[in-house]
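# Observations on chain architecture
The lines below spell out each chain.
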Amino acid sequence: MDPAAGTEIAEGNLLRIRTSLGDDLQGHVLAFDKALNMESGDVGVRGNLRFLKATFIKEMTVIKQLEDSFDSRPRFIDIASLKAREDAALKQAMAEAERIGVGVTQEAQDIFDALSKTLPVRWDKATILVMGDVRVNEPYLPENVTGGATAANDRVKKVLELERMRLQARSSSANP
């Protein structure tokens, strides 16, 4: 049998092959080298790669033949969609960058992160601005909370107290 003469061994075709050694194989043709008279393809569910000399093919059945194994149609890129993805990624990166305090201690950043879980916060230099009008100034203790409505001020103080206790507990357990 001279399988190289036909178009059956074309890239992408699904073949069932019986070799001269009695092996039954089924898989997609990944490549065929006419000079070497050798084909390679994936075989089986696990996608094993097999190289097979075409002269070892005893029987061959084409299960599925592709009309055109190489799709040369032009591909169109949706520029608007790409631009929207880029804008969203930049917006997210900017939001993440704004959450990082510049020139503040790790403790200050931890307090900011804890407050941000339940309240809208942002940095105003080294001051944490909560809900737009409550300010938490250095050294970020409950007595350093100023501004805003009394209820908002009390809420920030309570969250700040709890976060400071949590930080202390964490540092004491880390340094026994």
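Before any of the text, the structure's been laid out above.
Here is what the cut-offs are and how they apply
- Residues numbered from 1 in each chain as written.
- Predicted model: local features only at pLDDT ≥ 70, side-chain atom pairs only at ≥ 80, totals over all residues.
- Heavy atoms only, no water.
- Helix = DSSP H or I, 4+ residues; strand = E, 2+ residues; numbered from the N terminus.
- Buried < 20%, exposed > 50% of the residue type's maximum accessible area, 1.4 Å probe, protein only.
- Contact = heavy atoms within 4.5 Å.
- Areas by Shrake-Rupley, 256 points an atom, 1.4 Å probe, with all protein chains shown as cover.
- Expected span 1.5 Å × (residues − 1).
- Pairing = 2+ DSSP bridges.
- Axes fitted to C-alpha atoms, helices over the stretch in contact; angles between N-to-C directions.
- Salt bridge = Lys/Arg side-chain N within 4 Å of Asp/Glu carboxyl O.
- Core = buried A, V, L, I, M, F, W, Y, C linked by side-chain atoms within 4.5 Å.

### Here we look at the overall build of the chain
Along the backbone of the chain there are 3 helices and 9 strands. A total of 176 residues make up the chain; the buried ones form 28% of that total. In the chain, 34% of the contacts between residues at least 6 apart in sequence involve partners at least 24 apart. Here the chain has roughly 12,200 Å² of accessible surface; of this, 55% comes from carbon and sulfur atoms.

### Comments concerning helix H3 (residues 150–174)
For H3, which comprises 25 residues, the first-to-last C-alpha distance of 36 Å matches the rise-based estimate of 36 Å (1.5 Å per residue) to within 8%. Those residues of H3 that fall on the buried side of the exposure criterion are Ala152, Asn153, Val156, Val159, Leu160, Glu163, Arg164 and Leu167. Packing partners of the buried residues in H3 comprise helix H2 (106–116), strand E7 (127–130), strand E8 (134–136) and strand E9 (145–146).

### What to know about the sheet that holds strand E6 (residues 121–124)
The 4 strands are arranged E6-E7-E8-E9 in an open sheet whose pairing can be described as antiparallel. Both edges of this open sheet fall to E6 and E9, since each of them pairs with a single strand only. Bridge count for E7 against E8 is 3 bridges, and the pairing is antiparallel. Bridging from a neighbouring strand, valine 130 pairs with valine 134 of E8. Lying on the sheet, H2 is in contact with E6 and E7; it crosses E6 at an angle near 150°.

### Some details on the pairing of strand E2 (residues 24–33)
In the sheet, strand E1 (residues 14–19) pairs with E2 via 5 bridges, with the strands oriented antiparallel. When the bridges of E2 are listed, arginine 18 appears paired with aspartate 24. Between the antiparallel neighbours E1 and E2 lie 4 residues, among them glycine 22 with a positive phi of about 95°.

### Focus on the pattern of salt bridges
Evaluated as defined, the whole model comprises 8 salt bridges. A salt bridge links arginine 18 to aspartate 24; its shortest N-O distance comes to 2.7 Å. Classification of arginine 18 as partly exposed rests on a relative accessible area of 33%. Residue classification places aspartate 24 among the exposed positions, given a relative accessible area of 52%. Aspartate 110 is paired through a salt bridge with arginine 170; the nearest N and O atoms lie 3.9 Å apart. Note that aspartate 110 is positioned in helix H2 and arginine 170 in helix H3, a separation of 60 residues in sequence. The class of aspartate 110 is buried, set by a relative accessible area of 18%. The network of salt bridges with shared partners includes Lys83, Glu86 and Asp87.

### What about the environment of isoleucine 111?
In this fold, isoleucine 111 is placed in helix H2. For the pair isoleucine 111 and glutamate 163, spaced 52 residues apart in the sequence, the C-alpha separation amounts to 6.6 Å. Ignoring anything within four residues of it in the chain, the contact list for isoleucine 111 reads Ile128, Tyr140, Leu160, Glu163, Arg164 and Leu167.

### A short note on the nonpolar core
Judged by nonpolar contacts, the single largest core of 18 residues is most densely connected at Ile111, Leu115, Ile128, Val130, Val136, Tyr140 and Val156. Within the residue set of this core, elements represented by two or more residues are H2, E6, E7, E8 and H3. If you tally residues by element for this core, the top one is H3, at 5 residues. Excluding its chain neighbours within four sequence positions, the residues that come into contact with valine 130 are Leu115, Leu119, Pro120, Val121, Val136 and Val156. Core analysis: the next-biggest nonpolar cluster, separate from the first, contains 10 residues, Ile17, Phe32, Ile57 and Met60 among them.

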